[in-house]
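# Residue-level structural notes
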Amino acid sequence: MEKQLKIVYYYNSGFSVQVGSTLFIFDYWEGENRSLSASVRIRPELLKAYERIYVFISHAHPDHLDPVVYTWAKEGLPITYIVSSDMPIGTIGKRLAPLQEKQLTQDIWVKAYQSTDLGVAFLVEAYGLRIFHAGDLNLWHWRQESTLREIEAAEKDFYDALEPLKGEHIDVAMFPVDPRQGLMYDAGANHFILTEKPRVFIPMHWQDRPEVAIDFARSNIRCNAICPGGVETEIGGSMMSGSGINQFGMGRAMAGLDKEIRTGKPEELAAAVLFVASDEASFLNGVNLPIDGGVTCY
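Structural notes, computed from the coordinates. Just so you know, these numbers come straight off a predicted model, no measurement behind them.

## Observations concerning the packing of aromatic side chains
Geometry of an aromatic ring pair is reported as the spacing of the ring centres plus the angle between the planes. In this structure the tally under the stated criterion is 17 aromatic pairs. Measuring from centroid to centroid gives 5.3 Å for Phe 132 and Phe 192, while their planes differ by 20 degrees, and the two rings are stacked. You can see Phe 132 sitting in strand 10 (residues 129-133) and its partner Phe 192 sitting in helix 4 (residues 187-196), a full 60 residues away along the chain. The exposure class of Phe 192 is buried, given its relative accessible area of 0%.

Take a look at the structure:
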């Protein structure tokens, strides 16, 4: 039987994900001065409905770690805590360092990934479904304030942290979209979507500004690639008339052209680009579009 997820957002980066009789809780926080409405807080009497409960704490920042989560264990509930390896000494929970993984049951495992701030991000597989919670993994840059060197360092740290995630299937991702960063505050989220391709993306950490999450969801980002073949350009013409060209390399590059396939015109390539970028192609997404007169077929 196919499992279904029930996802509840609480505050900041706090979520719960229900899969059958198992509940996963990520970075739960009730806000400063318990600002989260009492009607939606997690209470021990609600947790009693679950056979297994896993509480994930990505790092020690107070907006990701609410001490109330440790009071639940006093109720005799079936709770397991999973925390980052850099949590303070004495913190209760199974510790995970980046790239460490742990089998929790026959059907549930978790793997930790490097963050670009404190702690780790978590990838959880439960009954065949994969859930990613980024913690504070993000492209942390402030375009109006950071120097070029600081921005380059932030980008390198972010790309390095994502590298081990390449090829991992992700069904649901929860990822920061923090408006405090100013211009390009969503650069990390956009890059994550384009490279990791989660089936469902949920923005978090939007600093009490729900309009930021709504606008991001409405941005309707598409990603397509144009793959041009031979096009009549000045560079191409100079190559064809030059005498110093490696003939073997040219032969490999021109494979298929003996099928009487002509070279394209710049305006033909431009027309394809305009179409892909237009509203007429609004349902075109994730496509590599060859514009090569059929060379790809050979």
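## Comments concerning the sheet that holds strand 2 (residues 15-19)
The 6 strands lie next to each other as 1-2-3-4-5-6, forming an open sheet whose pairing is mixed. At either end of the open sheet lies a strand with only one pairing partner, and these are strand 1 (5-9) and strand 6 (94-96). Sheet twist, expressed as the average angle between the axes of neighbouring strands with direction ignored, equals 20 degrees. Pairing geometry for strand 5 (residues 79-84) and strand 6, over 3 bridges, is parallel. Residue pairing in the sheet places Ser 84 in a bridge with Leu 96 of strand 6.

## A short note on unusual backbone geometry
Even without being a glycine, Gln 207 presents a positive backbone phi close to 55 degrees. Following the sequence through the fold, Gln 207 ends up in the loop between strand 12 (200-204) and helix 5 (210-218). When its relative accessible area of 27% is taken as the criterion, Gln 207 is described as partly exposed. Even without being glycine, Asp 208 reaches a positive phi, approximately 60 degrees. Along the chain, Asp 208 turns up in the loop between strand 12 and helix 5.

## A few points about the pairing of strand 5
In terms of residue burial, strand 5 counts as a mostly covered element, since 5 of its 6 residues are buried. Relative to strand 5, strand 4 (residues 52-57) runs parallel, the two sharing 5 bridges. Note on strand 5: the bridge partner recorded for Phe 56 is Ile 82.

## Section: the sheet that holds strand 11 (residues 172-176)
The pairing of strands in a sheet comes from backbone hydrogen bonds and takes either a parallel or an antiparallel form. Pairing in this open sheet of 6 strands is mixed, and the strands run 7-8-9-10-11-12 from one edge to the other. Both edges of this open sheet fall to strand 7 (101-105) and strand 12, since each of them pairs with a single strand only. Taking the axes of each pair of neighbouring strands and ignoring which way they run, one obtains an average angle of 15 degrees across the sheet. Relative to strand 11, strand 10 runs parallel, the two sharing 3 bridges. Looking across to strand 11, one finds that Phe 132 is bridged to Ala 173. Packing of helix 4 onto the sheet brings it into contact with strand 10, strand 11 and strand 12, and relative to strand 11 it is tilted by some 160 degrees.

What counts and what doesn't
- Every chain's residues receive numbers from 1 upward, in the order its sequence appears when written.
- For a predicted model such as this one, the threshold for reporting local features is a pLDDT of at least 70, and the threshold for listing and counting side-chain atom pairs is 80 or more; totals across whole chains, interfaces and linings nevertheless cover every residue.
- Heavy atoms from the whole structure form the basis of all side-chain values; hydrogens and water molecules are not counted.
- The rule is short: rings of Phe, Tyr and Trp, with Trp giving its six-membered ring, pair when the centres are within 6.5 Å, and they are stacked under 30 degrees, edge-to-face over 60, tilted in between.
- Runs of E in the DSSP output that reach at least two residues are strands. Runs of H or I that reach at least four are helices, and both are numbered from the N terminus.
- Note on exposure labels: buried denotes an accessible area under 20% of the residue type's maximum, exposed denotes more than 50%, and partly exposed covers the range between, all computed with a 1.4 Å probe on protein chains only.
- When DSSP finds two or more bridges between a pair of strands, those strands are recorded as paired.
- Here, axes are lines fitted to C-alpha atoms. For helices the fit covers the stretch in contact, and angles between N-to-C directions go from 0 to 180 degrees.
- The contact criterion used throughout is that any non-hydrogen atoms of two residues lie within 4.5 Å.

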